[in-house]
Amino acid sequence: MKTELPVGIINRENSGLKKLKPDIPRITVGLATCGAAVGGTAIYERLRESIQKRNPDLSLVPTGCIGYCREEPIVTVAHPGKPLVLLNRVSVKDCDDILNAVLSGTVPHDKALCRIEEWDHLMGHNITYGRGFDEIPLYDEIPFFGQQKKVILRDAGIINPEDIDEFLAVGGYSAAYNALRNMEPDTVLEEVEKSGLRGRGGAGFPAGLKWRITKEKKSDKKYIICNADEGDPGAYMNRNEMESDPHMLIEGMILGAYAIGTDEGLIYIRAEYPLAIRRLKHAIAEARELGILGENIFGTDFSFDIQIATGAGAFVCGESTALVASIEGRTGRPHPRPPRLTDSGLWGKPTDLNNVETWCNVPVIIKNGSEWYRNIGAEKNSGTKVFSLVGDVEKVGLVEVPLGTTLKRIVFDIGNGGADGKAVKAVQTGGPSGGCIPLRLFDTTVDFESLNAIGSIMGSGGIVVMDEDTNMVDIARYFISFATGESCGKCIPCREGLKHTLILLNRILAGKGTAEDLDTLKSLSETIAATSLCGLGQTAPNPVLTTLEYFRGEYDSLVKL
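Below you will find a few notes about this structure. For clarity, every value in this text was computed on a predicted model and none was experimentally measured. (Residues numbered from 1 in each chain as written. Predicted model: local features only at pLDDT ≥ 70, side-chain atom pairs only at ≥ 80, totals over all residues. Heavy atoms only, no water.)

### Remarks on the pattern of salt bridges
Inference 1: Evaluated as defined, the whole model comprises 42 salt bridges.
Inference 2: Asp-94 is the partner of Lys-111 in a salt bridge, and the nearest nitrogen-oxygen pair spans 3.7 Å. Highlighted residues: Lys-111 in the loop between helix 4 (95–103) and strand 5 (112–116) and Asp-94 in the loop between strand 4 (84–87) and helix 4, separated in sequence by 17 residues.
Inference 3: Residue classification places Lys-111 among the buried residues on the basis of a relative accessible area of 17%.
Inference 4: Shared partners join several salt bridges into a network, and the residues in it are Arg-12, Lys-19, Asp-163 and Asp-165. (Salt bridge = Lys/Arg side-chain N within 4 Å of Asp/Glu carboxyl O. Helix = DSSP H or I, 4+ residues; strand = E, 2+ residues; numbered from the N terminus. Buried < 20%, exposed > 50% of the residue type's maximum accessible area, 1.4 Å probe, protein only.)

Here's what the structure looks like:
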């Protein structure tokens, strides 16, 4: 069967390559939410106005976030034949200096963070920028970058997320094209199974197995859904993946739909992510225009399209059955399982649900093969994971590392330890339902089993660092307060149990607690975890249980023994 891309798409791919490596200088501004929030939009507008006035021969485009949020706003400059140079902490007042330097054939060295000579986009399309500016450190020489492995974030901060041409230029949609033209659906599914990919939404269920269960269910209609309802405090991995590389998600869903055998997919996303929604809608429209979504994709007899459903941002709607209820227009509350979504999901039909990052792994697996993917990460935990490293840490940002990396490496080698020179005391992984892990356990590897063994969870990928000044009892109260407010109230253990847990913590922090209250707190937390209906209630007591286990002295100091 013919393997070359259609002429129309090849032309767009070539157009994208000329945009990424033009014959004229190219300036980009990081305009994901994090960059825009600290002045990126104003920088972009100032540069645009100056370019219009001076009419120089150069290009200016927006990009997503490259992950180093502490150094935003980040602007990049690429001269033909020279490395791509990242400028950090740029402000509006720097714009004239940047433009003058670019027009002089150089870069403002005082703002230069690092340089990239070539970049592997992992889809068979490396970009070689060039050599020069040797006095500027290489990308890998920056500790924050050098110890990461970019698989999911391979395009973030490099390509324009609002231009499908640039995605095509770095190999985008080549995995989908090859699969639809040359692979049977079962072969695609088997590759995902052999890769060992596990769901990145928290539970770590094997993605390929879930696909197979859905595929083998007899039904006249099936659905796939992307869970983009990222609601953990401090977590923003999925938001950045959609804002910086929306076509990557679409390609993953096309491959999943083809393997499972469905023609309809939905992305459920919280309305609090307006930029991600806008860029996804734009990307879907671009894909439809090129025949990559819709009827007879790539000229085959396979048809598939994606719709977007927005939610109001309720934390419980991240739970699968509550999510489906929300899409169907019902109150977002979970229901007991079985039946599971794979048996009876959206509109009563078999439904596969995976989160954003899970879908985004699929194109690189199909492009490079399951064996390539299994060589990344650890046994039973293949691949990488993106974490949002936030809190009392020196270098805040998005960190992508192979599963099996230790907490110590993430917090100290990449994050450079506590902010303002303070000592790190603990981290909390997995969002509000995760456990608080003390410094002495930082040799723990970050994978599903190891985190569960010490009372925490992977969750969707939040890592909140706490320093020596942190009151761990107050931290437990914060997360219980969050979970109490987000409880849907359907089951008694979650609704009433969390409320009484919060009352106990408030009493202890007010200096009015007793030793008996600590016993009650532990017993109540264990009961909530064992008897709640859904994952929110089952995991909500984790911050209390882990702080009681690892920081018992702080509780004892507050109560009357």
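### Considering the sheet that holds strand 8 (residues 223–228)
Inference 1: One open sheet holds the 4 strands; their spatial order is 10-9-8-11, and the pairing between them is parallel. With partners counted over all chains shown, the strands left at the sheet margins are strand 10 (305–311) and strand 11 (351–355), one partner each. With direction set aside, neighbouring strand axes in the sheet form an average angle of 20 degrees.
Inference 2: The strands touched by helix 11 (residues 246–260) are strand 8, strand 9 (264–270), strand 10 and strand 11; relative to strand 8, the strand with the most contacts, the crossing angle is about 150 degrees. (Pairing = 2+ DSSP bridges. Axes fitted to C-alpha atoms, helices over the stretch in contact; angles between N-to-C directions. Contact = heavy atoms within 4.5 Å.)

### Things to note about the side chain of Glu-400
Inference 1: Here Glu-400 is to be found in strand 15 (residues 397–402).
Inference 2: Within the local environment of Glu-400, its side chain forms a polar contact with the backbone nitrogen of Ile-152, the two atoms lying 2.7 Å apart.
Inference 3: What Glu-400 contacts, discounting residues up to four positions off in sequence, is Gln-148, Lys-149, Lys-150, Val-151, Ile-152, Leu-153, Thr-384, Lys-385 and Val-386. (Polar contact = N/O pair within 3.5 Å; in protein donor to acceptor, adjacent residues only side chain to side chain.)

In short, shape yes, function no, at least from these values alone.
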